[in-house]
Amino acid sequence: MATFTDTDELRVYLRRLKTYEQFWDAKEPAFFDAEKKAFWDGLIAEGWPSDSALYALKTGEIWAFVVEQGERRIRRLH
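Position numbers for residues count from 1 along each chain, tracking the sequence in the order it is written. A pLDDT threshold of at least 70 governs which residues receive local features in this predicted model, and a stricter bar of 80 or more applies before side-chain atom pairs are shown or counted, although totals over entire chains, interfaces and linings include all residues. No hydrogens and no water enter the side-chain calculation; it runs on all heavy atoms of the structure.

**A closer look at the overall build of the protein chain**
(1) Moving on: The secondary structure listing takes helices from DSSP runs of H or I that are at least 4 residues long and strands from runs of E that are at least 2 residues long, numbered from the N terminus. A tally of helices and strands in the protein chain yields four helices and zero strands.
(2) Moving on: From first element to last, N terminus to C terminus, the protein chain shows the α and β order α-α-α-α.
(3) Moving on: By the convention used here, residues are in contact when the closest approach between their heavy atoms is within 4.5 Å. Across the protein chain, contacts joining residues at least 24 apart in sequence account for 56% of those joining residues at least 6 apart.
(4) Moving on: To be clear on the numbers: accessible area is Shrake-Rupley with a 1.4 Å probe, and residue cover counts the displayed protein chains and nothing else. For the protein chain, the computed accessible surface area is about 5800 Å², with 56% contributed by carbon and sulfur atoms.
(5) Moving on: On the protein chain, the mean spot of the 12 positive side-chain charges and the mean spot of the 14 negative ones are 7 Å from each other. Residues scored as positive are Lys and Arg, those scored as negative are Asp and Glu, and His as well as the terminal groups of each chain are ignored. Charge coordinates come from a single atom per side chain, which is NZ of Lys, CZ of Arg, CG of Asp or CD of Glu.

**Re helix α4 (residues 50-77)**
(1) Moving on: Here the expected length of a helix is defined as 1.5 Å per residue gap, with one fewer gap than residues. Along its 28 residues, α4 runs 41 Å from first to last C-alpha, staying within 8% of the 40 Å computed at 1.5 Å per residue.
(2) Moving on: Those residues of α4 hidden inside the fold are in contact with α1 (7-16), α2 (20-26) and α3 (34-45).

**Some details on the packing of α1 against α4**
(1) Moving on: To get an axis, fit a line to the C-alpha atoms, keeping to the stretch in contact for a helix; angles then go from 0 to 180 degrees between the N-to-C directions. Orientation of α1 relative to α4, taken along the N-to-C sense of each, is 165°, at an axis distance of 10 Å. As far as their axial angle goes, α4 and α1 are roughly antiparallel. Classified by chirality, the crossing of α4 by α1 is right-handed. Touching Thr7, Leu10, Arg11, Leu14 and Arg15 of α1 are Lys58, Glu61, Ile62, Phe65 and Val66, all from α4.
(2) Moving on: Taken together, the residues of the contact of α1 with α4 sort by class into five nonpolar, one polar and four charged. Any angle from 65 to 115 degrees is called roughly perpendicular, while one under 35 is roughly parallel, one over 145 is roughly antiparallel, and all others are oblique. Each crossing gets its handedness from the near helix: less than a right angle anticlockwise from the far helix is left-handed, clockwise is right-handed. Classification convention: Asp, Glu, Lys, Arg as charged; Ala, Val, Leu, Ile, Met, Phe, Trp, Tyr, Cys, Pro as nonpolar; all other residues, Gly among them, as polar.

**Thoughts on the nonpolar core**
(1) Moving on: Grouping buried Ala, Val, Leu, Ile, Met, Phe, Trp, Tyr and Cys residues that are joined through side-chain atoms within 4.5 Å yields what is termed a nonpolar core. Three labels apply to residues, based on accessible area from a 1.4 Å probe with only protein chains included: buried if under 20% of the type maximum, exposed if over 50%, partly exposed otherwise in between. Core analysis: the largest hydrophobic core is formed by 15 residues, its most contacted members being Leu14 and Phe23.
(2) Moving on: If you tally residues by element for this core, the top one is α4, at five residues.

In structure tokens, the structure reads:
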């Protein structure tokens, strides 16, 4: 995925990803986590809806971004 400067940019980008497969195809190799993908693939194979998995993954990306931004601000203050 691209580099983002704020959560709005990230959300707009994530909205363009309409399928579970598109989400994983958009991952840059450096950030691709095969173990994480295998976990989600397993849930889908067990009958979990791929739309729900996509929603959870997108939410996780936003959460990770927000946490990273907060940690950067704290480091700058100290």
